[in-house]
Amino acid sequence: MFFELDHPCVKAKLTILRDRATGPKQFRECVGEIACLVACEALRTLELEDVEVVTPMATTRGWRIRNEVVIVPILRAGLGMLEGILRLVPNAKVGFVGLERDHLTAEPREYYCKLPEATADSVAVVVDPMLATGGSLAATIDVLKRNGFTWIVVVTVLASPEGKRAIAEKHPDVRVYTGCLDAGLNAEKYIVPGLGDAGDRLFGTL
Ligand code: PRP
Ligand code: URA
């Protein structure tokens, strides 16, 4: 299942990200803010449990999140979204999957994996700004499933129709939330109009 956020704040911030003149500082800020906005929608189905809260005026009903949220940034670019999502779920655990797309074949190569143990209440939130061919995301979901995660949602900044299709075919049970579904991929498998190489723009390695 695939959801594109239709929100004026996301559209305005995405325009800043797309602008090739935007530098790493503002790029990082906007990625974090969009991550937070898209994650708000992606986390709508989290479960709550009741707690009692004492206000200065009375005792009343309150809630806390019942699930164990595990945020999984795909290294490197996913790191740019981590802080934005931790603002929503500050008690979340964080796992890491390191993948790098081959420049010629666009195939992902795994170089790192460190995940907390999955529990019956775990919700894995995979974060990566770019869903292009879908290879990196599909490989990450494979890793999570092999490690026992069954409830998996994805938060991205941009997605391509090709990536959307790939995940729907390989992982139809996973919900993908994005800030914008772009037109498609170019010959080098970059998203168009896109925003370029997210990792390089976040970390100044252009
Ligand atoms: C980028 C991006 C995704 C992947 C998307 O990472 O952050 O992880 O490419 O492409 P795909 O959908 O075709 O797999 P990259 O491999 O460039 O690594 P980086 O984050 O270290 O820059
Ligand atoms: N990875 C990126 O960083 N950008 C793209 O457009 C595609 C993959």
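Each remark here, short or long, concerns the structure printed above.
Residues numbered from 1 in each chain as written. Chains lettered and ligands numbered in written order. Predicted model: local features only at pLDDT ≥ 70, side-chain atom pairs only at ≥ 80, totals over all residues. Heavy atoms only, no water.

Caption draft 1: Main features of the side chain of N67. Along the chain, the position of N67 falls in the loop between β3 (59–65) and β4 (68–75). We classify N67 as buried; its relative accessible area is 8%. Within the local environment of N67, its side chain forms a polar contact with the backbone nitrogen of E47, the two atoms lying 2.7 Å apart. Among all residues touching N67, those that are not within four sequence positions of it are L46, E47, D121, V123 and W151. (Helix = DSSP H or I, 4+ residues; strand = E, 2+ residues; numbered from the N terminus. Buried < 20%, exposed > 50% of the residue type's maximum accessible area, 1.4 Å probe, protein only. Polar contact = N/O pair within 3.5 Å; in protein donor to acceptor, adjacent residues only side chain to side chain. Contact = heavy atoms within 4.5 Å.)

Caption draft 2: Representation of the site of ligand 2 in the model. Residues in close proximity to ligand 2 include R101, M130, A132, K189, Y190, I191, G196, D197 and A198, which together make up its full environment. Within the contact set of ligand 2, a nitrogen atom lies 2.8 Å away from a backbone nitrogen or oxygen of G196. Between ligand 2 and A198 there is a distance of 2.8 Å, counted from an oxygen atom to a backbone nitrogen or oxygen. Considering ligand 2 on its own, with 240 Å² of exposed area, one finds that the protein chains cover 89% of that surface. Split by residue class, the shell around ligand 2 holds five nonpolar, one polar and three charged. (Near = heavy atom within 4 Å. Areas by Shrake-Rupley, 256 points an atom, 1.4 Å probe, with all protein chains shown as cover. Nonpolar A, V, L, I, M, F, W, Y, C, P; charged D, E, K, R; others polar.)

Caption draft 3: Main features of the nonpolar core. In terms of nonpolar packing, the biggest core is built from 38 residues, with L17, I71 and V155 touching the most fellow members. With eight residues, the top contributor of residues to this core is helix α2 (residues 24–42). Apart from residues lying up to four places away in sequence, I71 is in contact with L82, I85, L86, V89, A92, K93, V94, G95, V125 and V127. The next biggest cluster of nonpolar side chains, apart from the first, holds 20 residues, and it includes V72, V97, L137 and A159. (Core = buried A, V, L, I, M, F, W, Y, C linked by side-chain atoms within 4.5 Å.)

Caption draft 4: Broad picture of the site of ligand 1. If you check the shell around ligand 1, you find 16 residues, and the closest are R101, D128, T133, G134 and S136. Backbone polar atom of G134 to an oxygen atom of ligand 1: 2.9 Å apart, as the coordinates give it. In the complex, 92% of the free accessible area of ligand 1, which totals 500 Å², lies under the protein chains. Elements represented by at least two residues in the shell around ligand 1 include exactly β6 (96–101), β9 (130–131) and α4 (135–146). Counting residues per element, the shell around ligand 1 draws most heavily on β6, which supplies three residues.

Caption draft 5: Structural detail: helix α3 (residues 79–86). Within α3, six of the eight residues are buried, leaving the element largely enclosed by the surrounding structure. Taken residue by residue, α3 has G80, M81, L82, G84, I85 and L86 as its buried positions. For α3, the elements touching its buried residues are α2, β4, β5 (93–94), β8 (122–127), β10 (152–159) and α6 (198–203).

Caption draft 6: Up close: the packing of aromatic side chains. Scanning the model with the defined rule gives one aromatic pair in all. Residues F3 and Y177 carry aromatic rings whose centres are separated by 4.7 Å and whose planes lie at 15 degrees to one another, so their mutual orientation is stacked. Note that F3 is positioned in strand β1 (residues 2–4) and Y177 in strand β11 (residues 175–181), a separation of 174 residues in sequence. Here Y177 falls in the buried class, since its relative accessible area comes to 5%. The residue whose ring lies beneath R101 is Y190, and the NZ or CZ to ring-centre distance is 5.2 Å. (Phe/Tyr/Trp six-rings, centres within 6.5 Å; stacked < 30°, edge-to-face > 60°. Lys NZ or Arg CZ within 6 Å of the ring centre and 35° of its normal.)

Caption draft 7: Expanded view of the environment of G196. Residue placement: G196 occurs in the loop between β13 (191–192) and α6. In contact with G196, not counting residues within four places along its chain, are M130 and Y190.

Caption draft 8: Seen up close, the side chain of D128. Tracing the backbone shows D128 in the loop between β8 and β9. Although D128 is buried, it forms no salt bridge, and the closest oppositely charged side chain is R101 at an N-O distance of 9.1 Å. At 3.1 Å, the side chain of D128 and the backbone nitrogen of M130 are in polar contact. (Lys, Arg positive; Asp, Glu negative; His and termini not counted. Salt bridge = Lys/Arg side-chain N within 4 Å of Asp/Glu carboxyl O.)

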